[in-house]
Structure formats: structure tokens, C-alpha cells
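Structure assessment
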Amino acid sequence: MRAVDIINKKKYGNALTTDEIRFIVDGYTKGEIPDYQMSALCMAIYFQSMDSREIADLTMAMVKSGDEVDLSAINGIKVDKHSTGGVGDKISLIVIPLVASVGIPVAKMSGRGLGHTGGTVDKLESISGFKIELTPNAFIENVNRYKMAIVGQSGNLTPADKKIYALRDVTGTIDSIPLIASSIMSKKIASGADAIVLDVKVGSGAFMKELKDARALAETMVAIGKSLDRKTVAVITNMDQPLGHEIGNANEVTEAIAVLSGRGDADERHVALTIASHMCVLGGAFREVSDAYKHLETVIASGEALQFLKTFIRIQGGDETIVDDPAKLPAATKHIEVKADIEGYITGLDAEKIGLAAMLLGAGRKTKEDPIDYAAGITLSKKIGDYVNFGDVLCLLHTNVDDVLEAEKQIRSAYRFSTQQPEALQYVIDIIS
Ligand code: URA
């Protein structure tokens, strides 16, 4: 078999065989196939796409390129969730305690943030003592005993995806549905979940800016999950503006606590309850999503959700007292108001620009090696649909950096105003199962 023949085959729009896909993925992972051939193939896939059998084969070839986590020692249906990435997305912090409270094992693998999007691992590490590196035994023990645990992605999980993703990043081949779907699903399958709920974001802060693309990505990932015997549901959710009011690591922990206390914003509360309800149904605790939703509301109202959050933090070595006293979380030295220089309704709040501004304030990293400031972030005082008067505070910047000019410029360019009130945003747009 020769890589060049496989590239040509895809270039002319033909389906690759299972063996050809394995040959390419194995050869590239081992360094036998060079970057230039793999990038040519990714570009051919970008233009010619893949059918569902090819995408499933590509997913499995990436799964088999490294370690697979064996969760068979955990009793019950292990559920996981994955977000395609957003700004202010603290949904995992909310759903883990909620789903665990109904006795469904949540065995969560999470990543760090990169670029304008945040990562669950960084948010949790803003809690003093919280350990994201658990031994496989400790992970399994915590899930069996407490129904919840989280770990960072292990070194040798889907190494093919790691290499291919880095190559796609610099060859203009990120935004390809077969490549994104196989990349995400390979990690979920290698990490051992039986059931997966995907939060597919659509809008200004998401990979998929258009609903038709988000729907196609969701359908592709659900089909991969089903073909590999994993119960999979995709929830398409709005990312036309950041979720909630808080962006940044410690800030988002504070807001997750608010939601689990029965406060928090309607958008993140509804998205979190919807995703958690689907996890409860896939895990077998409820037949109907609406029943799960109603039950989880009572879990929040009774204070049980907060108790589960405390337990979650404690069993991972973290300081659970931050739940009653979030002021113990890292705090920035500077708090700078950004005020409106215009009047009118806010009609747009570009989530990607707000995410980039948060990164410039220290909350995120440009490259994987960059340090992160857990205290940095943004509190949005006004969001889409709000009316602002001249001089009203649009948002508050929390930072330890001296120069905030570029961040402020990004933020001002993120807002759009009009004299007309915009239609209310739909937080949960569609469910694909
Ligand atoms: N997230 C991933 O893990 N992979 C992609 O290709 C895109 C988003």
C-alpha cells in the first residue's frame, strides 16, 4: 500500500477502505508517513468528505493508536459529556454533581482550554488542592463509591488525534466535519464511556457558526457513537454569546456554584439541566427527559446538588469550603469597568471576541505551554436583549496584567447595538439522537 495512492483515491472522491484508513493512521502515528502526505490527505478529506463507514473507521483507527481506558470495573452505565467548545461554558461543573446525585456513574475525562475557549480542567484547578491527575485505581474507586470523578486526558490517549489535530491546526483543515467528528469521538471512545451526551455549540463563539453545519456535525457524531455501540445524544446549544455572566476560571466556578444553589442565569441553567437530563436517561435512571429535568430541579432546590459538589471537590483533594465561601477562590488585583459609549439594545455579543479578551487578561493560553491566571476573567453586566444607557457598565475586567487596552478593544468590538429590541435567543436549539 502506498500513501500517495490513498491520497489520490480520496482526491477523486472515492471511499477509502478500512485497511487503507488504518494504514494511514498507523503509519502517521509511527512517523512512517510524513506530515506532507497526511496534510494532503486531510485537505482531500476536507473537499471530498467521507461516508459514515469511513468516519467510523477513522475514529476507530485513532482509538487504536494508543491506550484505551478500561472502565469495566465501574458498575452501571458510565456516562460522559463533551462540549465542542465555547466561552463561559461551565456546564460540566454543573452536570457532574447533578447526574451523580441520581446514582449514575459519571466518569469524566476533560481537557484544558486553548485559544478563546476555556477548559474544565483549568476551571477546577482554580480550587486550592484540586487534583486532576488520579491513578486509574483512584479514578475507578471514586466513581464506584461517589458516582463521579474527573481526570485530565492521559498521555497516550489517541496519539494519532494529537498529531493530526496539530497538523490540521496549521494546514487549514480544522473545520471539516469528518475530521472534527472522528477527533472528538475517538477521545470519548478511548476514554471508555458507555454513553455520551455531546453539547454541540453553534454561533459566534463556536467552531460551527451556522446551524446547518452544527446539525451535520451532531448527526455525524451520533452516527459514529451508535455504529460503535455507544448510546449517544447531541444537544445543539447556542453560543452566539457567552454562557452566563462569568468568563474565566475562578469566576466560572463561582457561577457554577450559583446555578447549583438555584441561582445563576437562565441560559446556563437550562443548558445544564437539559444535558444532565439526557445523561440521566442514557444512564437508565429515567425513561423521560422531562421527568429527569423535573427531578434535577428538586435536587437543586433541596440543596442536595451543592452537597454533591462539595463531595466532588473533597474527593479530588480540593478545598470544599469554597462552595460556602467563593471569596476564597483566587481574586485579581485589578477590576476595571468597561462603560457604554452608545445607547440602545444589545443585539450582538461575539463570544469568540469575549473569549479572546479573557485570554488577553490572563484567563487563557495562546499556546499549550502558556501559564494561566485563575483569577483573571470578565463579568458581563449586559448581554443580548438588554438596553444600555450611555455610561452604563457593559462588563467588568478582572486581571493582574497592566495593559488592558487590547482586551478592551476586543470587548468593544464584540458588542452590537440597535434601537430595535432583538428576539430572545433560544438556548437549546435541537436534540439529535
Ligand atoms: N475538538 C476536538 O477535540 N477536535 C476537533 O477537531 C475539534 C474540536
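Residues numbered from 1 in each chain as written. Predicted model: local features only at pLDDT ≥ 70, side-chain atom pairs only at ≥ 80, totals over all residues. Heavy atoms only, no water.

**Description of the packing of aromatic side chains**
Two measures describe an aromatic ring pair: the distance that separates the ring centres and the angle between the ring planes. Considering all chains together, one arrives at 4 aromatic pairs under this definition. Considering the side-chain rings of Tyr-46 and Phe-47, the 5.0 Å spacing of their centres and the 85 degrees angle between planes classify their relative orientation as edge-to-face. Between Phe-130 and Phe-312, the aromatic rings sit 5.7 Å apart at their centres with planes inclined by 70 degrees, giving edge-to-face as the arrangement. With Phe-130 in the loop between α6 (120-125) and α7 (136-146) and Phe-312 in helix α14 (residues 304-315), this residue pair connects regions lying 182 residues apart in the sequence. (Phe/Tyr/Trp six-rings, centres within 6.5 Å; stacked < 30°, edge-to-face > 60°. Helix = DSSP H or I, 4+ residues; strand = E, 2+ residues; numbered from the N terminus.)

**Regarding a nonpolar patch on the surface**
A contiguous nonpolar surface patch, about 300 Å² in accessible area, is contributed by Met-43, Tyr-46 and Phe-47. Locating Tyr-46 in the fold gives a position in helix α3 (residues 35-48). (Patch = residues over 30% accessible without salt bridge, like charges linked within 9 Å, V, L, I, M, F, W, Y side chains within 5 Å. Areas by Shrake-Rupley, 256 points an atom, 1.4 Å probe, with all protein chains shown as cover. Salt bridge = Lys/Arg side-chain N within 4 Å of Asp/Glu carboxyl O.)

**Focus on helix α9 (residues 177-190)**
Residues spaced three or four apart along an α-helix point in a common direction, a consequence of the helix completing one turn every 3.6 residues. With 14 residues, α9 extends 20 Å between its outermost C-alpha atoms, agreeing within 8% with the 20 Å of an ideal straight helix rising 1.5 Å per residue. Summarising burial for α9: 13 of the 14 residues are buried, a large majority. (Expected span 1.5 Å × (residues − 1). Buried < 20%, exposed > 50% of the residue type's maximum accessible area, 1.4 Å probe, protein only.)

**Focus on the packing of α3 against helix α8 (residues 159-169)**
α8 packs onto α3 with a crossing angle of 75 degrees between their chain directions and a minimal axis gap of 10 Å. The orientation of α3 with respect to α8, classified from their angle, is roughly perpendicular. Packed against α3, whose contacting residues are Asp-35, Met-38, Ser-39 and Cys-42, the element α8 presents Ile-164, Leu-167 and Arg-168 at the interface. (Axes fitted to C-alpha atoms, helices over the stretch in contact; angles between N-to-C directions. Parallel < 35°, antiparallel > 145°, perpendicular 65-115°, else oblique. Contact = heavy atoms within 4.5 Å.)

**Notes on the nonpolar core**
Counting residues in each nonpolar core, the largest one holds 79 residues, and the members touching the most others are Leu-98, Val-99, Ile-378 and Ile-411. Leu-16, Met-38, Ile-164 and Ala-190 belong to the second-largest nonpolar core, a separate cluster that totals 46 residues. (Core = buried A, V, L, I, M, F, W, Y, C linked by side-chain atoms within 4.5 Å.)

**A short note on the site of the ligand**
Near the ligand you find Tyr-165, Arg-168, Ile-180, Ser-183, Ile-184, Lys-187 and Phe-207, and these make up its full shell. In the model, an oxygen atom of the ligand is placed 3.0 Å from a nitrogen or oxygen of the Arg-168 side chain. Separating an oxygen atom of the ligand from a side-chain N or O atom of Lys-187 is a distance of 2.6 Å. In isolation the ligand exposes 240 Å². Once the protein is present, 90% of that is buried. Among the elements of the structure, α8 and α9 are those that each provide at least two residues to the shell around the ligand. Of the residues forming the shell around the ligand, the biggest block, 4 residues, is contributed by α9. (Near = heavy atom within 4 Å. Polar contact = N/O pair within 3.5 Å; in protein donor to acceptor, adjacent residues only side chain to side chain.)

**Let's talk about the sheet that holds strand β8 (residues 344-349)**
Read across the open sheet, the 3 strands follow the order β10-β8-β12; overall the sheet is antiparallel. Since the sheet does not close on itself, it has two edges, and those belong to β10 (387-388) and β12 (415-418), each with one partner. When β8 meets β10, the two strands line up antiparallel, connected through 2 bridges. By the bridge assignment, Gly-344 is partnered in β10 with Val-388. Strand contacts of helix α16 (residues 405-414): β8 and β12, with the helix running at about 35 degrees to β12, the strand carrying the most contacts. (Pairing = 2+ DSSP bridges.)

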